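# Examination of the molecular architecture
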Amino acid sequence: MNFKINERQSVIVYLYHLKNSKQLRRYGTIHYVSKRMKYVVLYIDHSKLSDTVKKLREIRFVKRVLMSPRPNIKINFDDEVGKTYKLTEEDREKYRSNKE
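Description of the structure in this document. Worth saying up front: this structure is predicted, and the values here are computed from it rather than measured.

Cut-offs and rules
Numbering of residues begins from 1 in every chain and follows the order in which that chain's sequence is written. Two thresholds apply to this predicted model, a pLDDT of at least 70 for residue-level local features and 80 or more for giving and counting side-chain atom pairs, whereas whole-chain, interface and lining totals are computed over all residues. Each side-chain value is worked out from all heavy atoms of the structure, with water and hydrogens disregarded. What makes a nonpolar core is a set of buried Ala, Val, Leu, Ile, Met, Phe, Trp, Tyr and Cys residues whose side-chain atoms join them at distances within 4.5 Å. The classification of residues rests on relative accessible area computed with a 1.4 Å probe and restricted to protein chains. Under 20% of the type maximum is buried, over 50% is exposed, and intermediate values are partly exposed. Only runs of H or I of at least four residues qualify as helices and only runs of E of at least two qualify as strands under DSSP, and these elements are numbered from the N terminus. Between two residues, a contact is recorded if the distance between any of their heavy atoms is within 4.5 Å. Ring pairs are drawn from Phe, Tyr and Trp, using the six-membered ring of Trp, whenever the two centres fall within 6.5 Å, and their geometry is named by plane angle: stacked under 30 degrees, edge-to-face over 60, tilted for the rest. Charge over a ring is defined by NZ of Lys or CZ of Arg lying within 6 Å of the ring centre and within 35 degrees of the ring normal.

### Quick word on the nonpolar core
Counting residues in each nonpolar core, the largest one holds 14 residues, and the members touching the most others are Val 13, Leu 15, Leu 24, Leu 42, Leu 56, Val 62 and Val 65. Elements that contribute at least two residues to this core include exactly β1 (8-15), β3 (39-45), α1 (49-58) and β4 (62-67). Not counting residues up to four positions away in its chain, the partners in contact with Val 62 are Val 13, Tyr 14, Leu 15, Tyr 16 and Leu 56.

This is the structure we're talking about:
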């Protein structure tokens, strides 16, 4: 039995009223609901993302829809050690000993 991970994207949906938040279950998995700021964080399959976002924007109780910037953020910081900040001699020794 093969297990395949579906790529998903986080979408933030701002609402006028939270009483409609449960209706968003049909579009994706609800991850978080903010009562104070009136938004819902949905996880949507990456293959259905563009169609689902269009549908969400057309719903009456939806104020706005934002895509999460997380997939576009670079998370590998190892390449830039020593380029951004000037390292002291002590930091260089620690970096060399950790690499070995």
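Additional details are given in the paragraphs that follow.
### Some details on the packing of aromatic side chains
Centre distance and the angle of the planes are the two values used to describe a pair of aromatic rings. All told, the structure shown has 2 aromatic pairs when counted by the stated rule. Relative to Tyr 39, the ring of Tyr 14 has its centre 5.6 Å away and its plane inclined at 50°; by these criteria the two rings are tilted. Separated by 25 residues along the polypeptide, Tyr 14 in strand β1 and Tyr 39 in strand β3 bring together distant segments of the chain. As far as the burial class goes, Tyr 14 and Tyr 39 line up, both buried. An angle of 50° between the planes, with centres 6.1 Å apart, marks the rings of Tyr 32 and Tyr 39 as tilted. Looking at Tyr 32, the relative accessible area reads 43%, which means it is partly exposed. In textbook terms, an aromatic cluster arises when at least three aromatic residues are bridged by ring pairs, as seen for Tyr 14, Tyr 32 and Tyr 39. Lying over the aromatic face of Tyr 14, Arg 64 brings its terminal NZ or CZ to 4.5 Å of the ring centre.

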